[in-house]
Amino acid sequence: MSAHFRHLLYVMRENPVTFFSFVLFFLLMALGLFGPWLAPYDPLASDTANALRPPSWAHPFGTDNLGRDVFSRVITATRLDLAISVAAVSLSFVAGSAAGVCAGYFGGVTDKLIGRLTDTIMAFPLFVLAMGIVSALGNTIENIVYTTAVINFPFYARVARAEANSRREAGFVEAARLSGNGHGRILLFHMGPNIMPPMMVQISLNMGYAILNAAGLSFIGLGVRPPTPEWGIMVAEGAKFIVSGEWWLAIFPGAALMLAVLCFNLLGDGLRDLIDPRMRT
Amino acid sequence: MKSDSLFLIGRRLLQAAPVVMGIIVVTFILTRALPGDPAVFFAGPAADEKSIAEIRASLGLDKSWPEQFWVYLQNLSRGDLGKSISTGQPVMEELATRLPASLELTLMGLFLAVAIAIPLGMLAATRPNSLVDHLCRLVVTIGVSLPTFFTGLFLVYIFYFLLGLSPAPLGRLSIIHIAPDHVTGFYLIDSLIAGDFEVFRAALYQMILPASTLAIFALAPLARMTRAAMLGVLSSDFVRTARASGLSRKTILWVYAFQNAILPVLTTLGMVFSFLLGANVLVEKVFAWPGIGSFAIEALIASDYAAVQGFVLAMALMYVLLNLAIDILYTVVDPRIGLEG
Amino acid sequence: MNRDVSDNKQFKRRDFLKIGAGAAAGAGLLPLLKYLPAEAAAGRDTLVVVIGNGPNSMDIHRKGTNRPSYQVAVNIYDRLVTYGRKKLPDGNVMYDYRKIEPELAESWSFAPDGMSVTFKIRKDARFHDGKPVTAHDVKWSFDRAVSLGGFPAVQMKAGSLIKPEQFVALDKYTFKINFIRKSKLTLPDLGVPVPLIINSVAAKAKATKSDPWATEYLHKNPQGGGAFKLGRWKPGQQTVYIRNDEWKSGPLPGVKRVIVREVASASTRRALLLRGDADVSLDLPPKDTKELTSNKKLKIAGVPIENCIHAVGLNLNFKPFADVRVRQAMAYAMPYEKIFKAAAYERGLPLWGAKSADPAGTLWPQPFPYDTDTDKAKGLLKEAGYAKGFKVTLSFNLGLAYWTEPTALLIQEGLGKVGIEAKLDKIPGSGWRTKALVEKKLPMHLKNFGGWLNYPEYYFFWAYQPKRLFNSMNYDNPKLNKLVDETLHMPVGSPGYADNVKAFIKIAFEDVPLIPLWQPYLDVAMQKDVAGYEYWFHRQLDVRPFKKLPKKA
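So, here is what we can say about the structure in this document.

Conventions adopted
- Residues numbered from 1 in each chain as written.
- Chains lettered and ligands numbered in written order.
- Predicted model: local features only at pLDDT ≥ 70, side-chain atom pairs only at ≥ 80, totals over all residues.
- Heavy atoms only, no water.
- Helix = DSSP H or I, 4+ residues; strand = E, 2+ residues; numbered from the N terminus.
- Buried < 20%, exposed > 50% of the residue type's maximum accessible area, 1.4 Å probe, protein only.
- Contact = heavy atoms within 4.5 Å.
- Areas by Shrake-Rupley, 256 points an atom, 1.4 Å probe, with all protein chains shown as cover.
- Lys, Arg positive; Asp, Glu negative; His and termini not counted.
- Charge placed at Lys NZ, Arg CZ, Asp CG, Glu CD.
- Pairing = 2+ DSSP bridges.
- Phe/Tyr/Trp six-rings, centres within 6.5 Å; stacked < 30°, edge-to-face > 60°.
- Lys NZ or Arg CZ within 6 Å of the ring centre and 35° of its normal.
- Buried area = accessible area lost by both parts, 1.4 Å probe.
- Salt bridge = Lys/Arg side-chain N within 4 Å of Asp/Glu carboxyl O.
- Polar contact = N/O pair within 3.5 Å; in protein donor to acceptor, adjacent residues only side chain to side chain.
- Nonpolar A, V, L, I, M, F, W, Y, C, P; charged D, E, K, R; others polar.
- Axes fitted to C-alpha atoms, helices over the stretch in contact; angles between N-to-C directions.
- Patch = residues over 30% accessible without salt bridge, like charges linked within 9 Å, V, L, I, M, F, W, Y side chains within 5 Å.

## A closer look at the overall build of chain B
Logical step 1: Secondary structure assignment for chain B yields 13 helices and 0 strands.
Logical step 2: Walking chain B from its N terminus toward its C terminus, one meets helices and strands in the order α-α-α-α-α-α-α-α-α-α-α-α-α.
Logical step 3: Based on the C-alpha atoms only, the size of chain B along its principal axes is roughly 85 × 60 × 40 Å.
Logical step 4: Scored against the burial criterion, the 341 residues of chain B give a buried share of 56%.
Logical step 5: If you take every contact in chain B between residues at least 6 apart in sequence, the share linking residues at least 24 apart comes to 74%.
Logical step 6: In the form shown here, chain B has an accessible surface area of approximately 14,100 Å², with 71% of it arising from carbon and sulfur atoms.
Logical step 7: A gap of 13 Å separates the mean positions of the 22 positive and 23 negative side-chain charges of chain B.

## Some remarks on the sheet that holds strand 2 (residues 81–87) of chain C
Logical step 1: If you walk across this open sheet you meet the 3 strands as 2-3-20 (chain C), and the pairing is mixed. Each having just a single partner strand, strand 2 and strand 20 (534–535) of chain C make up the two edges of the open sheet.

## Description of unusual backbone geometry
Residues and elements named next belong to chain C.
Logical step 1: Here the amide bond leading from Trp 364 into Pro 365 is cis, since omega sits at -5°, within 30 degrees of zero.
Logical step 2: Inspection of the secondary structure assignment puts Pro 365 in the loop between strand 14 (348–350) and helix 14 (374–383).
Logical step 3: We note that Asn 474 has phi near 55°; this positive angle belongs to a residue other than glycine.
Logical step 4: Along the polypeptide, Asn 474 turns up in the loop between helix 17 (456–463) and helix 18 (478–488).

## So, the packing of aromatic side chains
Logical step 1: Here the structure, examined in full by the defined rule, presents 53 aromatic pairs over all chains.
Logical step 2: Consider the rings of Tyr 336 of chain C and Trp 352 of chain C, whose centres lie 5.4 Å apart with planes at 15°: the pair is stacked. A residue pair is termed long-range when its members are at least 10 positions apart, and Tyr 336 of chain C in helix 13 (residues 336–342) and Trp 352 of chain C in the loop between strand 14 and helix 14 qualify at 16 residues. In terms of burial, Tyr 336 of chain C and Trp 352 of chain C fall into one category: buried.
Logical step 3: Across from the ring centre of Tyr 455 of chain C, 5.2 Å away, lies the NZ or CZ of Lys 184 of chain C, which sits over that ring.
Logical step 4: In this structure, Arg 275 of chain C is placed above the aromatic ring of Tyr 160 of chain B, and the distance from its NZ or CZ to the ring centre is 5.7 Å.

## Section: the interface of chain A and chain C
Logical step 1: If you look at the interface, chain A gives 22 residues, while chain C gives 19 residues.
Logical step 2: Around 1,700 Å² of area is buried between chain A and chain C when both sides are counted, 58% of it from carbon and sulfur atoms.
Logical step 3: For the chain A face of the interface with chain C, the top three residues by lost area are Thr 48, Pro 226 and Val 243 of chain A, together amounting to 30%.
Logical step 4: Put simply, chain A and chain C have 1 salt bridge between them.
Logical step 5: Note that Glu 246 of chain A is salt-bridged to Lys 287 of chain C, the shortest N-O span being 2.9 Å.
Logical step 6: Put simply, chain A and chain C have 4 residue pairs in polar contact (both at pLDDT 80 or more) between them.
Logical step 7: For the side of chain A that touches chain C, a count of residues per class yields 11 nonpolar, 6 polar and 5 charged.

## Concerning the sheet that holds strand 5 (residues 116–121) of chain C
All names here are of chain C.
Logical step 1: Spatially, 4 strands are ordered 4-5-7-6 in an open sheet, and the strand pairing comes out antiparallel. The open sheet terminates on both sides in strands that have one partner only, identified here as strand 4 (105–110) and strand 6 (167–171). Between one strand axis and the next, the sheet turns through 25° on average, direction left out of account.
Logical step 2: With 4 bridges connecting them, strand 6 and strand 7 (residues 174–178) associate as antiparallel partners. Bridge assignment links Phe 167 to a residue of strand 7, and that residue is Ile 177.

## Quick look at a nonpolar patch on the surface
Residue and element names in this part refer to chain B.
Logical step 1: Residues Ile 158, Phe 159, Leu 162, Leu 163 and Leu 165 make up a contiguous nonpolar surface patch of about 390 Å² in total accessible area.
Logical step 2: Locating Ile 158 in the fold gives a position in helix 7 (residues 148–162).
Logical step 3: In this structure Ile 158 comes out as partly exposed when scored by relative accessible area, which is 35%.

Here is the structure:
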């Protein structure tokens, strides 16, 4: 354990960028957990007498077209954005790794079927597929989560399949099998923990991608519903006000969005370093 | 060995067949599940039940799904993708005119990304874990963390609206220019064929901002792959040998290391290309680019089945073909690589 | 593959290149002059217009033709009649729905029994290909409008024009319409974009057995005789009109060439206008209008859209709304002022706060006798047994998000204050018609119906009578139905007309299935040197009256 910790410290010292990403990550988590209590105003309360005010002491990020406080909205949005990406990524992680491990472990027809399924999904440009699914199912938060999960599914399935395949004949699996464990137990308790590290990297990178994906959907009008504060929709809405000079509507949620995605991307890199320093790219 | 390669290529082609079938089915189901009744949408603002029913019949939407699918397959085998109802043109024709626009933009974006990312990656690889390395990593990661539509809008605001340095975001050519005669559909090439440098220049100006938006998004994977591949090669035995035999740093870097690192970068290029095609949808919307992405958004909003189907199908098939091409290229270039896995 | 649908000879590529070369040469000199303003680049004879959405067909009779395509019908085709124009006190010019004027018809006369009208067609009128316009072309075009089904047929029907037998070409220049009933709407209906006159010879040459009305051909190749010819049409990108110098049906247009460029994003349109790259911008959101009014470089022309209301629809099939007290409570719960400020940016006429419960004359739309009054709303809800409120879904059209979204958000907040919990439901433009107008299943929704023909009874016919397309509220009041039926074909001045109109407006006041918010403006922004803009009921671009003023030295 302490060896792990020393390695962590080493990576942090060697790599200030990773350190920065860890700090950012804790900040995001704090905002996600305590955001609603930290926001100075009700993020939904309109005040048309004070609409479109530039940043000031009272409203550090200004107010939007309905007079709502942009700062409060950006802070409150953290929870929803994180929730969407966490939910989507967990779903695709669970489904993807289960399918992938089965494919890698059993091989044969199972492998072929799951392989074709992932190939088919991968054959679509992912954002295009997401657009199609959300507009077919309707743009609710649940559907955005499902869609994001579907398009991320193949990544997990592939990584899990490769990992499981290479361990199928490994000693520890053979030992488990000989000591009378069923396939279910072997997959869950013996394969599972072993494929976790590479999956962690994928999770972190996908978190960022999930946020971007939701924001892109919002931009073309297929995202989260109003008045719910969400970064992507705030940028998309705010974009309409840039030319008329009300830049604060788009910039602040945009910066928050960028920082969150950046954080997960850097974190993914950092985790990769932790797990296997030689893999660093 | 040659027949081996052919055999492998044939097998790879066969492997692609079920995927193509899957794509066709998924596309069909997806478009039928779209909300809104196209018949109602196209009946116009004051239509009544009867005229809506007439339109539904004329679109073939009164038939059952399996029937519609069968008709769709038959048409597809004749290369007929149906007619887009919102633009009134055959979908095949729409795709044929719009695809070059999207491809030209995407390739330009890719070209810019490669031109920046490869030197950046090499720079980072020669000085691993230095300040330069970290900075490179941070910059390219920021690039991939920005939503493309956000980047695009800001570039437009700064370079067109505030500074007036770039032309208006109005697609492939400004209002006063006329498209060159159609040869390849790529304006940059067509204008050169026509010997029309003004149009070439106009088309190039028009492309700078959207292509940069795409490039910013594509830097990260390319720069990182270059860095990783270079690091791997630089620590290999033959580079060490080359260094020991007193070859200059420059020669080692460009002749030995880079040429060996290029293969994984090429693979990444294929992945990045498909990734950009997806991102292109949003960029086209921002820059009013008359490509297939903006076409698809419109079609999706209008529940224009034929158009959505055609678009998604074209995108997916292109990706399958691209991967096939890369795989085949690999077998030809490096016969040690099998087509498994 | 050349997708340009029609290349006009007058449209010389070389001319364009010269202009382009000039602009680019200038651009080389100074980095800050990489492009020149449209006026300098495109010349005084060319008008550059930016719009949000462009035509998807050159044929208004075709199935699936969108609203922006009506501009093609207006600019490339003529009708038998057009409307007069009137100058408003603020200097804007708009069409006058009470004055019908000749276009292709020189004159017309009604039969003594009032059951038919005979038109004399002007003998000097020519189609773009040089063929004279005859009564046979008119007959063929009208037959086509009532035979192809869909929207054109319904619009013709509003003017009591339903079957080809009604249309008779008496001789080469005389055309007669037999009426099925006397209606004041028949003649005005001939001035809307639908009954346009097509070159029947050119069209019939391309007709086939399966396509007797040449829909395939006319879809891409307009065959009209209007003030402009089609220069080029790139669907989804731009439409170029070239002036028809032989046009006889009206004063020759002031500009030789009009480039209509489609720019989906409203803020890009604003940027193009501010930077001088476009002469005219249509589809201006109210916020832009408000802010650009103070801009010294630009002119704004805004006219309230006749017979049009931005309103909240309450579906009577939703249980609470079946009770008139609940509907009235809703009308008292609306935060009118806030909405007018934040969604309409005050570009409109308020439709709330009337002092009297009796209509002030036959004017429509007019303010309803409601105002924001939370206590009154709560009282009415209590009376109706909804003291604790209820839950409702408020739907709005995403395609009109610029006003529907802020309005919906403010209504949601306002309803919260009287205990009603509203869930917002954005519906993409494509799904809107089906859900709101055809299925009529949305409990509470924002709507913006506007009638082409400017009569209150025409509005009520579409929006208040049961089963009509725009009655998305499932409202059905026998008394009102009877009144509207009586009034619909009655001439405006006739005895009983005013009383009838006031009576059905009063019912609308009391029953409030529709809660009007404001009457919107149609706003157009243009450079200072552009003149001649006119507001027309069809709300599409009519480029004929535009001109460019000479440049000041």
